[in-house]
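Understanding the architecture of this molecule
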Amino acid sequence: MSTRYQTILLFGAPGAGKGTQGKILGQIPGFYHLSCGEVFRTLDINSKLGRVFQEYSSRGELVPDDVTIQMWSENMHARTVLSEYKPLVDLLVLDGIPRNVTQAKLLDKYIRVLEIVHLVCPDKEAMIQRLRRRALKENRVDDAKEEVIRRRWEVYEKETAPVLAFYDSKIVRTVNAMGSPASVLQHILEVVVPVQESHFRNPLGAVPV
Ligand code: ADP
């Protein structure tokens, strides 16, 4: 039996709605959502790691891979020890990680990727607009400046987009990110519910056929 975390990746450019959708999915029994960016943001900015995060994210750059994977794996482990995330019961929904091929390789020993939901938005400017709005609402330093948003996009196109080719194309599912949150959610559920049902027993649900 595999001891790796059974995982779905939410994939897509900055502003595609991974965080919004991940949060909703995480409310559903049998799904556990973790956003890498959010874990970084909860760090004390006076700690060493917090300062490293601040330094890179304020420029729209990725935090170095070794630091990221170590922080992520320790964080995940803590969540399992606390029984917040139960690997035998919950499908893990990751967003914001892996962000490049090196991270994908390093993560391989921890996660088994069952499916990748690729949120696609053909209108780049619409997504940039979303980031600007969010920055104002949430007081985010990284997206407050136009140049940082553009840099985040460049990093996505150059380093993150190639991650898709690292995985078997059969597990990559494209979902249009342009609709309302409810309609995007509906399409994501069409992809992830069968995966969740086929990999986990659902004690409260119908007996799988
Ligand atoms: P959100 O999706 O909530 O906007 P992000 O995932 O963009 O948050 O993360 C914000 C910042 O955190 C990134 O710009 C980057 O500096 C850092 N970060 C998040 N995830 C990673 C990762 N997997 N590898 C390296 N840096 C990361």
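The structure under discussion appears in the preceding block.
Here the structure is a predicted model, which is why all the values come from computation and not from measurement. (Residues numbered from 1 in each chain as written. Predicted model: local features only at pLDDT ≥ 70, side-chain atom pairs only at ≥ 80, totals over all residues. Heavy atoms only, no water.)

1. So, the overall build of the chain
Scanning the chain from terminus to terminus reveals nine helices and five strands. Helices and strands appear in the chain in the N-to-C order β-α-β-α-α-α-β-α-β-α-α-α-β-α. In summary, the chain has a C-alpha radius of gyration of 17 Å against a globular reference of 17 Å for 209 residues, a match within 12%. Expressed as lengths along the three principal axes of its C-alpha atoms, the size of the chain is roughly 50 × 40 × 30 Å. Taking all 209 residues of the chain together, 44% fall into the buried category. Contacts in the chain between residues at least 24 apart in sequence constitute 77% of all its contacts with a sequence separation of at least 6. (Helix = DSSP H or I, 4+ residues; strand = E, 2+ residues; numbered from the N terminus. Rg over C-alpha atoms; globule rule 2.2 N^0.38 Å. Buried < 20%, exposed > 50% of the residue type's maximum accessible area, 1.4 Å probe, protein only. Contact = heavy atoms within 4.5 Å.)

2. Some remarks on the packing of aromatic side chains
Evaluated as defined, the whole model comprises eight aromatic pairs. Taking 5.3 Å as the distance between ring centres and 5 degrees as the angle between the ring planes, the aromatic pair formed by Phe-40 and Phe-53 counts as stacked. Of this pair, Phe-40 sits in helix 2 (residues 36-41) while Phe-53 sits in helix 3 (residues 48-57), placing them 13 residues apart in sequence. Through a chain of ring-to-ring contacts, three or more aromatic side chains come together here, namely Tyr-5, Tyr-32, Trp-72, Tyr-85 and Tyr-110. Across from the ring centre of Tyr-56, 5.1 Å away, lies the NZ or CZ of Arg-59, which sits over that ring. (Phe/Tyr/Trp six-rings, centres within 6.5 Å; stacked < 30°, edge-to-face > 60°. Lys NZ or Arg CZ within 6 Å of the ring centre and 35° of its normal.)

3. Some words on the sheet that holds strand 3 (residues 91-95)
Strand pairing in a sheet is mediated by backbone hydrogen bonds. Such pairs are either parallel or antiparallel. Strands sit in the order 2-3-1-4-5 across an open sheet of five strands; the sheet is parallel. With partners counted over all chains shown, the strands left at the sheet margins are strand 2 (31-35) and strand 5 (172-176), one partner each. Adjacent strand axes in the sheet meet at a mean angle of 25 degrees, parallel and antiparallel pairs treated alike. Taken together, the five bridges between strand 2 and strand 3 define a ladder with parallel strand orientation. Of the residues in strand 3, the one forming a bridge with His-33 is Val-93. (Pairing = 2+ DSSP bridges. Axes fitted to C-alpha atoms, helices over the stretch in contact; angles between N-to-C directions.)

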